[in-house]
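So you can see what is in the structure, the chains are spelled out below.
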Amino acid sequence: MQKNNKYSYVPFYVSLGVVLGILIGSFYANQYSQKFLSIIDGSGNKLSDLLYIIEDQYVDPVQMNEIVEKALPQILRELDPHSVYISAAESEQAMQNLNGSFSGIGIQFFQLDDTVRIVRVIPGGPSDGSGLQAGDCILASGKKSLVGKDIPSDTIMKYLKGETGSTASLTIKRRGTARPFNVSVVRGSVPLHSVSASYMLDETTGYISIGNFGETTYAEFLAALARLNRHDFQQLVIDLRGNLGGYMAPAIQIANEFLTKGCLIVYTEGRKSPREEFRSDGRGSYQQMPLVVLIDESSASASEILAAALQDNDRATIIGRRSFGKGLVQVPIDLGDGSMIRLTKARYYAPSGRCLQKPYTPGDETSYEMDLLQRMEHGEFYNSDSIKATGKKYLTTHGRVVYGGGGVTPDIFVPMDTAGVTSYFKEAYQSGNISRFCFHYVDNHRADFASIQTNEEITKYLRRKNLPELFATYAERRGQRRRNLMLKQSRQIFEHQIWTGIINDAFSPERAIEFGNTFDPVVLKALDVIKRGDAFPRK
């Protein structure tokens with residue numbers, strides 16, 4: 001499992017990447033005859049005839065499977081941005097986060113120069129107790145060498161993953177050991193958690209971050225609530241920023257925990273899909289708890305269902321920036337060769353009746369993918385007055401105005417924080433130098449971190465180290481020109497980025513989230529709203 005550098009202060013790059021994360025979809029394919037695949041079911045159609053004619057008469061031999069693999073995505077682009085074809089090689093990867101686990105050795109790794117480095121051994125995974133340690137270098141898996149600058153991460157994953165019960169024979173080099181040694185790990189289930197963090201923001205306010213909506217999300221959410229209950233939390237912040245969505249069911253289940261009986265959560269409807277409503281059953285345990293939900297431009301699909309349900313029922317205050325705007329429902333269709341398609345079968349509608357899907361032109365994939373960049377250039381990420389409401393007006397249960405046709409607009413806008421972002425910082429982030437520096441620093445100071453317990457102790461330790469200066473020296477050795485004036489201008493953002501990265505690598509992603517929230521303006525605004533007693537929207 002490759003290292004996830006989640007903690008960026010350049011949301012622009014995250015925004016560009018989010019579209020690639022959610023462009024999945026499908027279409028239907030059948031066997032034409034013994035050799036020919038029919039792209040659209042039905043006798044005598046032109047596409048089937050064309051494939052037959054090419055195979056029968058074309059001047060040179062052709063690989064029909066390759067033609068079909070290339071043709072299917074092109075056809076699906078003419079439907080909508082989320083109906084796409086997923087090849088057999090990609091389908092397993094596409095389903096892992098939704099399934100909540102995969103079969104492998106259970107490590108998080110980082111490619112540093114030409115070597116695979118272990119960032120952490122995943123607790124409860126197959127490598128837990130195997131003797132592998134953070135900082136170990138993996139030189140080979142079996143007879144396959146994993147050393148080299150040109151080895152892509154998916155190739156590394158291929159040799160670390162495998163069927164449950166199979167054995168990975170790893171050649172390990174460890175700091176302080178004279179020679180490489182071998183470690184055998186029996187592959188098994190590696191958990192992928194949906195709940196990224198849960199802890200107390202202050203004495204009475206709980207916090208839960210949800211990274212995606214998969215099969216295990218609702219159970220993980222209930223477990224997080226139980227942990228917070230032990231601290232007697234009285235109000236809650238749910239963080240959906242960066243949540244690309246996933247399954248609709250857990251979003252509905254979570255909304256049900258906070259709504260009184262009979263509240264409409266969401267409904268779906270399509271040309272061949274009659275309207276189906278999902279309502280709260282009144283069994284939720286937190287129907288009267290003050291609640292704030294955080295969203296941003298990367299919040300999509302199921303995360304928008306949850307946010308809109310709570311907004312339209314006037315149950316929670318939504319804080320952040322306008323969400324992505326995906327209101328289409330896909331159904332998976334498995335094909336015989338292991339590939340799959342996901343076809344948009346319906347639209348989902350929030351309780352007020354609004355559909356959150358932003359406008360798109362079938363076949364114009366470029367404009368759709370560039371929407372977030374256009375929002376940024378228009379100034380929407382920095383000023384609420386720049387938000388363009390493209391859809392009709394709708395009313396919440398209290399009569400507040402909300403809009404369809406382009407995501408969830410928050411009740412309270414918090415602009416993107418770009419203070420201190422210089423070209424020097426952008427280069428440091430984009431080049432990966434910050435991530436490399438954080439890993440190097442942790443790897444060289446593991447004994448120091450072993451004696452540190454709290455985030456306060458971590459902060460005190462890191463503040464004494466003048467890390468921005470150390471980074472600049474490190475980056476200069478790697479070819480990044482030193483810019484002292486820009487380093488001074490960006491000092492605070494460098495500190496926050498480096499400190500968060502070091503805490504992530506030395507301790508855990510959850511500890512890093514907890515640390516990052518101490519200076520996160522959106523989280524601070526949520527606490528302010530709760531303290532003022534404004535979590536419940538007013539008429």
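1. Concerning the sheet that holds strand β18 (residues 317–320)
The pairing of strands in a sheet happens through backbone hydrogen bonds and is either parallel or antiparallel. Judged by pairing direction, the sheet is mixed, and its 6 strands sit side by side in the order β12-β13-β14-β17-β18-β23 without closing on themselves. Either end of the sheet is taken by a strand with one partner, and the two such strands are β12 (195–200) and β23 (412–413). Judged from the 5 bridges that link them, β12 and strand β13 (residues 205–210) form a sheet pairing that is antiparallel. When the bridges of β13 are listed, Met200 appears paired with Gly206.

2. A look at unusual backbone geometry
Of note, the phi angle at Ser301 is positive, near 60 degrees, even though the residue is not glycine. Structurally, the position occupied by Ser301 is in the loop between β17 (291–295) and α8 (302–312). With phi around 50 degrees, Asn466 is a residue other than glycine that occupies positive phi space. Inspection of the secondary structure assignment puts Asn466 in the loop between α14 (455–463) and α15 (467–477). Residue Asn466 is classed as partly exposed on the basis of its relative accessible area, which comes to 33%.

3. Details of helix α19 (residues 521–531)
Within the sequence span of α19, burial applies to Val522, Val523, Ala526, Leu527, Val529 and Ile530. The buried residues of α19 occupy an angular sector of 160 degrees when projected down its axis, which confines them to one face. Here the buried face of α19 lies against β13, β14 (235–239), β17, β18, β23 and α18 (509–517). Of the residues flanking the end of α19, it is Gly533, one or two places downstream, whose phi is positive at about 75 degrees.

4. A short note on the confidence of the model for the protein chain
Overall, the prediction assigns the protein chain a mean pLDDT of 89, with 92% of residues at 70 or greater. Counting interchain partners and residues more than four positions distant, the pLDDT-below-50 stretch residues 4–44 has 123 contacts.

5. So, the side chain of Asn517
With respect to the helices and strands, Asn517 occurs in helix α18. Owing to a relative accessible area of 6%, Asn517 belongs among the buried residues under this scheme. What Asn517 contacts, discounting residues up to four positions off in sequence, is Tyr199, Tyr207, Arg241, Val523 and Leu524.

6. Considerations on the packing of helix α12 (residues 433–444) against α15
What describes two packed helices is the angle between their axes and the distance between those same axes. Put simply, α12 and α15 touch, their axes get as near as 10 Å, and they point 110 degrees apart. Relative to α15, the element α12 is oriented roughly perpendicular. In terms of crossing hand, the pair formed by α12 and α15 is right-handed. Listed contacts from α15 to Asn433, Ile434, Arg436, Phe437, His440 and Tyr441 of α12 are Leu467, Leu470, Phe471, Tyr474 and Ala475. Of the residues assigned to the contact of α12 with α15, the class counts are 8 nonpolar, 2 polar and 1 charged.

7. Notes on the nonpolar core
Ranked by internal contacts, the top residues of the largest apolar core, which has 43 residues, are Ile208, Phe221, Leu236, Ile238, Phe258 and Val293. Non-local contacts of Leu236, meaning those with residues more than four positions away in its chain, are made with Gly206, Tyr207, Ile208, Phe221, Leu225, Leu228, Phe258, Met289, Pro290, Leu291, Val292 and Ile530. Ile434, Ala475, Leu487 and Ile498 belong to the second largest nonpolar core, which has 29 residues in total.

8. Concerning the packing of aromatic side chains
Scanning the model with the defined rule gives 19 aromatic pairs in all. For the pair Tyr441 and Phe449, a centre-to-centre distance of 6.4 Å together with 70 degrees between the ring planes defines the contact as edge-to-face. Look at Tyr441 and you get buried, because its relative accessible area is 6%. Using a relative accessible area of 5% as the deciding quantity, one classes Phe449 as buried. Clustering of aromatic rings is evident, with ring pairs tying together Tyr424, Phe425, Phe437, Tyr441, Phe449, Tyr461, Phe471, Tyr474, Phe494 and Phe507.

Reading guide: rules and limits
Residues numbered from 1 in each chain as written. Predicted model: local features only at pLDDT ≥ 70, side-chain atom pairs only at ≥ 80, totals over all residues. Heavy atoms only, no water. Pairing = 2+ DSSP bridges. Helix = DSSP H or I, 4+ residues; strand = E, 2+ residues; numbered from the N terminus. Buried < 20%, exposed > 50% of the residue type's maximum accessible area, 1.4 Å probe, protein only. Arc of directions from axis to C-beta. Contact = heavy atoms within 4.5 Å. pLDDT = per-residue confidence, 0-100. Axes fitted to C-alpha atoms, helices over the stretch in contact; angles between N-to-C directions. Parallel < 35°, antiparallel > 145°, perpendicular 65-115°, else oblique. Left-handed = near helix turned anticlockwise from the far one by under 90°. Nonpolar A, V, L, I, M, F, W, Y, C, P; charged D, E, K, R; others polar. Core = buried A, V, L, I, M, F, W, Y, C linked by side-chain atoms within 4.5 Å. Phe/Tyr/Trp six-rings, centres within 6.5 Å; stacked < 30°, edge-to-face > 60°.

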